[in-house]
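Summary of the model geometry
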Amino acid sequence: MPNQVPECTDAPAVPPAAEWFLPRDSLQALIECLQEDGYTVIGPVVDQEAITYQVISSVDDLPRGWTEEQSAGRYRLVRRDDEALFGYTVGPHSWKAFLFPPQVTVARADRSSDGRWEMTTPEETVPRHAFLGVRACELAAIAVQDRVFLEGPWVDPVYQARRREVFIVAVHCTQAASTCFCTSMGTGPECRTGFDLALTELEDGFVIQGGSDAGHEILERLDVAVAAPSQSAAAGSARRQAERQIRRHLDTNGLRDLLLNSLDDSQWDAVAGRCLSCTNCTMVCPTCFCSTVTDVPDLSGDHVKRERSWDSCFNVDFSRMSGGVIRNDVRSRYRQWLTHKLASWHDQFGQSGCVGCGRCITWCPPGIDLTEEVAAIRSHQEPIP
Amino acid sequence: MTSSVSDDPVAVGRKKLAVFKFASCDGCQLSLLSCEDELPALAEQIDISFFLEASSRIGTGPWDIALVEGSITTPEDEQRIRSVRRQAATVVTIGACATAGGIQSLRNWADHDEFLRCVYARPEFISTLASSTAVADHIPVDYELRGCPVDRYQLLSVLRDLIRGRTVRLPRHSVCLDCKRRGTVCVEVAQGIPCLGPVTHTGCGALCPAFNRGCYGCFGPSAQANTGSLIRTLAEGGLPEARRVALFRSFNAAAPEFRIDERAARSDIGSSGTGRGELS
Ligand code: SF4
Ligand code: SF4
Ligand code: SF4
Ligand code: SF4
């Protein structure tokens, strides 16, 4: 990571958290800086009637003037009455797809004519991604997956190789969706750590903060000025607006024990009547990390690819063992999901598996809301006197 | 690690394959024939003894593997499928007709005699059953490959596994998982397009949603499909009852979890359940 001395030597030494101002028409320069450094920039793009994360080449690809409405089981793109580039919240995609790819070949085995098998790890050019527009809950989700894939006894080489190369441009939320509850999970809406740069969008530009040496190095190449107090104040109030808009709440008080002591609660039956076991909640969740590994031979049987694909505890065969399927009804699968996310994740990784992004609420076709499920279980276990 | 050639199940002796057709459009057999690149290799590894769509050779049983396309719609079919079962070690049904009764199972909801009178000048010459049913309703089936038509790569991989004595793995999750793996944005949630994906069996790679259409349910019900909940969701989303019925009345209409009648398509029933198809 290059860490040059600032060219502008008469500028005062600036502490890392200092705020700068990037004029609106200089955002393109930021994208170009990243591209010059060899990054493929991934950012928000309107596609398939939603704001998705895809490769972008310029600011023109960004969702200028778009936002969305979200509620349980429903998402709709909506026009804004301004030209905001980041005036939306989180959508159907998450950054995990770029760090933990949905499908990847992890090994190959080939049998030569003398009958000898050779196993190889496929060579790959690791993509060098810059993420543009990462929200606070998403930074937290990346940290959760870092814990899972990098900080346990087994390091995942696929994740590790990609993660090392990532440059993160975070964007502070200035509005919240009805499904957001990051405040309950202590993850947002303000970006505090885990970014290289962080932007707060204002009408005429961005208040920008560096969060790493790499971030400061990019700042030095940009046409930024120290943010005026009025600009910093405007950014602060925009960020507080997001916080004020958050309505959803998850009571995390004693949550682990509450759930693990409620394994026979009637709510699991009630939710099983609604749940389609379709896997959507786990797929959109930015922290879910499960996968399945399949050996795929060709017709000759001499060449085998070992493929890893996203999998989910809602897939009936996810719990198939030698004796059969362990979680053989929707009730036990929903219970697995909720108790893993909110309870046993603490035992496994010392934190919650939920960052409060609300994706599982929006993208659940029947609109099952985990905050409501938890509240129902709590009301059964802790009846109001 | 080495393995000597004598371990090779193919070298020990080629298995014998037969392909049978019942009431169907032949599309699934064509799926096998359209594996042009793989067919020569397949023919080396398996003895294609009976496959009228491909060859005039009429080999006799017993067979190691029988692929069965089509549904059971005549008294003669009922007899013939039993004879296939008696002569085949492994029976694999292929396609929506064989696994669920096919589009022709729409007759199950109609007056069969009236159809005969309308269509045929001399209905007394026609000998058919009043219903179109899945092969598994008549004989034990070892593996069911769903889809209208089947996925030819899945068909090939099952044949490959059977040839080599490998465990056959048939995923049975919903189409939604495949949508998400390929990055498709849910058309149901983002656009309100009715989609059968949450209760439909994997196999197509989530084709239709990737082209901005709801899933038509070609691969039939996924494991433990909660059809009742999806119907309530569609009703709450404003889809009228007639359209809810029509959604399920296609290639897999007679699959137990998709077998809804007008009463069951109402949104007010089955408000709780175990997650098994409650409307079957
Ligand atoms: S459980 Fe739901 S709200 Fe929590 S991080 Fe996952 S998708 Fe977001
Ligand atoms: S909730 Fe399910 S899919 Fe997600 S990480 Fe846990 S077991 Fe895996
Ligand atoms: S909770 Fe919703 S999204 Fe998750 S499996 Fe059940 S129906 Fe699907
Ligand atoms: S588009 Fe259909 S199949 Fe795909 S995720 Fe949505 S409901 Fe499931």
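Residues numbered from 1 in each chain as written. Chains lettered and ligands numbered in written order. Predicted model: local features only at pLDDT ≥ 70, side-chain atom pairs only at ≥ 80, totals over all residues. Heavy atoms only, no water.

Describing the overall build of chain B
Using the following cut-off: Here a strand is any run of E in DSSP of at least two residues, a helix any run of H or I of at least four, and the numbering for each starts at the N terminus. Only protein chains enter the accessibility calculation, which uses a 1.4 Å probe; a residue whose area is less than 20% of its type maximum is buried, one above 50% is exposed, and one in between is partly exposed. Only heavy atoms matter for contacts: two residues are in contact if any of them lie within 4.5 Å across the pair.
A tally of regular secondary structure across chain B gives 12 helices and five strands. Relative to its 280 residues, chain B shows a buried fraction of 51%. By sequence separation, contacts in chain B at least 24 residues apart represent 70% of the contacts at least 6 residues apart.

Quick look at unusual backbone geometry
All names here are of chain B. Along the chain, G61 connects to P62 via a cis peptide bond; the corresponding omega equals -5°. Inspection of the secondary structure puts P62 in the loop between strand 2 (46-51) and strand 3 (63-69). Backbone torsion omega between C148 and P149 reads 0°, so that peptide bond is classified as cis. The residue P149 is located in the loop between strand 5 (143-145) and helix 7 (152-164) in this model.

Examining the packing of helix 3 (residues 136-150) of chain A against helix 4 (residues 157-164) of chain A
Residue and element names in this part refer to chain A. Which entries qualify depends on this criterion: Angles shown run from 0 to 180 degrees and are taken between the N-to-C directions of axes, each axis being a line fitted to C-alpha atoms and, for helices, limited to the stretch in contact. When describing relative orientation, an angle under 35 degrees is termed roughly parallel and one over 145 degrees roughly antiparallel, while 65 to 115 degrees is termed roughly perpendicular and anything else oblique. A clockwise turn of the near helix away from the far one marks a right-handed crossing, whereas an anticlockwise turn of less than a right angle marks a left-handed crossing. The residue classification treats Ala, Val, Leu, Ile, Met, Phe, Trp, Tyr, Cys and Pro as nonpolar and Asp, Glu, Lys and Arg as charged. All others, Gly included, are polar.
Helix 4 packs onto helix 3 with a crossing angle of 135° between their chain directions and a minimal axis gap of 9 Å. When the axes of helix 3 and helix 4 are compared, the pair comes out oblique. Crossing angle aside, the handedness with which helix 3 passes helix 4 is left-handed. Facing helix 3, whose interface residues are I142, Q145, D146, F149 and L150, helix 4 presents Y159, Q160 and R163. Of the residues in the contact of helix 3 with helix 4, the class split is four nonpolar, two polar and two charged.

What about the site of ligand 3?
Residues and elements named next belong to chain A. This is how it is decided: If a single non-hydrogen atom of a residue is within 4 Å of a molecule or strand, that residue counts as near it. In the cavity and pocket records, a cavity denotes points on a 1 Å grid over the protein atoms alone where a 1.4 Å probe fits but cannot get out, a pocket denotes an open set with protein on both sides within 12 Å along at least 5 of 7 lines, and lining residues are residues with an atom within 4 Å of a point. Assignment of a molecule to a cavity or pocket requires that more than half of its atoms lie within 2 Å of the corresponding grid points.
The environment of ligand 3 is formed by C275, L276, S277, C278, T279, N280, C281, F314, Y334, C364, P366 and I368. If you map ligand 3 onto the pockets, it falls in the largest cavity. When its residues are assigned to classes, the shell around ligand 3 shows nine nonpolar, three polar and no charged.

Re empty space enclosed by the protein
All names here are of chain A. Keep this limit in mind: Grid points are joined across faces, edges and corners, and a volume is the space filled by probe spheres set on the points.
The tally for this structure, following the rule as stated, stands at seven cavities of 30 Å³ or more. In this structure, the largest cavity spans a volume of roughly 140 Å³. In terms of lining, the largest cavity is formed by 16 residues, of which the most central are C275, C281, Y334, C364 and I368. Mapped onto the lining of the largest cavity, the elements with two or more residues apiece are helix 10 (280-284) and helix 11 (330-349). In terms of residue class, the lining of the largest cavity is made up of 13 nonpolar, three polar and no charged.

Overview of the environment of G133 of chain A
All names here are of chain A. Mapped onto the elements of the fold, G133 is located in strand 8 (residues 129-134). Accessibility expressed as a relative area gives 0% for G133, which makes it buried. Spatially, the C-alpha atoms of G133 and G43 are 6.2 Å apart, while their sequence positions differ by 90 residues. Residues within four places of G133 in sequence aside, it is in contact with Y53, F86, Y88, W95, E138, V169 and V171.

Re the confidence of the model for chain B
Residues and elements named next belong to chain B. To be explicit about the condition: Every residue carries a pLDDT, the predictor's confidence in it, which falls somewhere between 0 and 100.
Per-residue confidence for chain B gives a mean pLDDT of 89; residues scoring 70 or more make up 89%. Low confidence marks residues 1-6, where pLDDT is under 50. Its contacts with residues over four positions away, or in another chain, come to 10 contacts. In the predicted structure, residues 269-280 sits below a pLDDT of 50 and forms 41 contacts with residues beyond four places in sequence or in another chain. Interface confidence for the predicted complex, expressed as ipTM, amounts to 0.93; the pTM equals 0.92.

Comments concerning the site of ligand 4
With respect to spatial proximity, the complete set of residues near ligand 4 consists of N280 of chain A together with V175, C176, C179, K180, C186, V187, E188, C195, G197, P198 and P209 of chain B. For the shell around ligand 4, the secondary structure elements donating two or more residues are helix 8 (175-181) and helix 9 (187-191) of chain B. With four residues, the top contributor of residues to the shell around ligand 4 is helix 8 of chain B. Among the residues forming the shell around ligand 4, the class breakdown is eight nonpolar, two polar and two charged.

Considering a nonpolar patch on the surface
Residue and element names in this part refer to chain B. Spelled out, the test is: Each patch is built from residues lacking any salt bridge and having more than 30% relative accessible area; the joining distance is 9 Å for like charges and 5 Å for nonpolar side chains (Val, Leu, Ile, Met, Phe, Trp, Tyr). To measure how exposed things are, a 1.4 Å probe is used in the Shrake-Rupley method; for residues, cover is taken only from the protein chains shown. We count a salt bridge whenever a side-chain nitrogen from Lys or Arg sits within 4 Å of a carboxyl oxygen from Asp or Glu.
A cluster of nonpolar side chains, namely I103, L106 and W109, defines an oily patch on the protein surface of about 240 Å² accessible area. With respect to the helices and strands, the residue I103 is situated in the loop between helix 5 (95-100) and helix 6 (112-119). By relative accessible area, which is 42% here, I103 ends up partly exposed.

As for the pattern of salt bridges
Residue and element names in this part refer to chain A. Evaluated as defined, the whole model comprises 34 salt bridges over all chains. A salt bridge links R221 to E36, with the nearest nitrogen and oxygen atoms 3.4 Å apart. Of this pair, R221 sits in the loop between helix 6 (213-220) and strand 12 (225-226) while E36 sits in helix 1 (residues 27-36), placing them 185 residues apart in sequence. Among the residues examined, E36 registers a relative accessible area of 62% and is labelled exposed. Between R221 and D37 there is a salt bridge, with the nearest N and O atoms lying 2.9 Å from each other. Within this pair, whereas R221 is found in the loop between helix 6 and strand 12, its partner D37 is found in the loop between helix 1 and strand 2 (40-47), the two being separated by 184 residues in sequence. Counted as one network, the salt bridges with shared partners bring together E36, D37, E217 and R221.

Some words on the domain arrangement of chain B
Residue and element names in this part refer to chain B. Inclusion rule: Residue ranges for the domains trace back to a domain assignment, done automatically or taken from a database. When two parts are brought into contact, each loses some accessible area as probed by a 1.4 Å sphere; the total of that loss over both is the buried area. N or O atoms closer than or at 3.5 Å make up a polar contact, with two conditions inside protein: a donor-capable atom paired with an acceptor-capable one, and, for residues adjacent in sequence, both atoms drawn from side chains.
Each domain of chain B was delimited in the assignment, giving domain 1 (9-164) and domain 2 (175-258). For domain 1 versus domain 2, the distance between C-alpha centres works out to 26 Å. In total, domain 1 and domain 2 occlude about 1,100 Å² of area from one another, counting both sides; carbon and sulfur atoms represent 62% of this. Seen at the junction of domain 1 and domain 2, the total is zero salt bridges. Here domain 1 and domain 2 share two residue pairs in polar contact (both at pLDDT 80 or more) between them. The residue inventory of the side of domain 1 that touches domain 2, partitioned by class, reads eight nonpolar, four polar and two charged.

Regarding helix 13 (residues 370-381) of chain A
Residues and elements named next belong to chain A. Put simply, the test is: The length a helix should cover is 1.5 Å for every residue beyond the first.
Between the first and last C-alpha of helix 13 there are 16 Å, a value that for 12 residues agrees with the 16 Å anticipated at 1.5 Å per step. Taken as a whole, helix 13 has its buried residues at L370, T371, E373, V374, A376, I377 and R378. Considering only its buried residues, helix 13 is in contact with helix 8 (255-260), helix 9 (267-274), helix 11 and helix 12 (359-362).

Details of the interface of chain B and chain A
Listed as interface residues are 43 residues of chain B and, on the opposing side, 54 residues of chain A. When the two sides are added together, the surface that chain B and chain A hide from each other amounts to roughly 3,700 Å², 52% of it contributed by carbon and sulfur. On the chain B side of the contact with chain A, K180, R181 and V189 of chain B bury the most area, a combined 19% of that side's loss. Where chain B meets chain A, there are one salt bridge. Measuring nitrogen to oxygen at the nearest pair gives 2.9 Å for the salt bridge that ties R172 of chain B to D317 of chain A. Elements with a minimum of two residues in the side of chain B that touches chain A: helix 3 (39-45), helix 7, helix 8, helix 9 and helix 11 (227-236) of chain B. Here the side of chain B that touches chain A is composed, by residue class, of 15 nonpolar, 17 polar and 11 charged.

Let's talk about the domain arrangement of chain A
Residue and element names in this part refer to chain A. Along its sequence, chain A is carved into domain 1 (19-99 + 123-245) and domain 2 (255-301 + 310-381). Centre-to-centre separation of domain 1 and domain 2, based on C-alpha positions: 27 Å. Contact with domain 1, which involves 29 residues of that partner, is made by 27 residues of domain 2. By the criterion of area lost to domain 2, the three top residues of domain 1 are K96, V144 and F181, representing 26% of everything that side buries. There are one salt bridge connecting domain 1 and domain 2.

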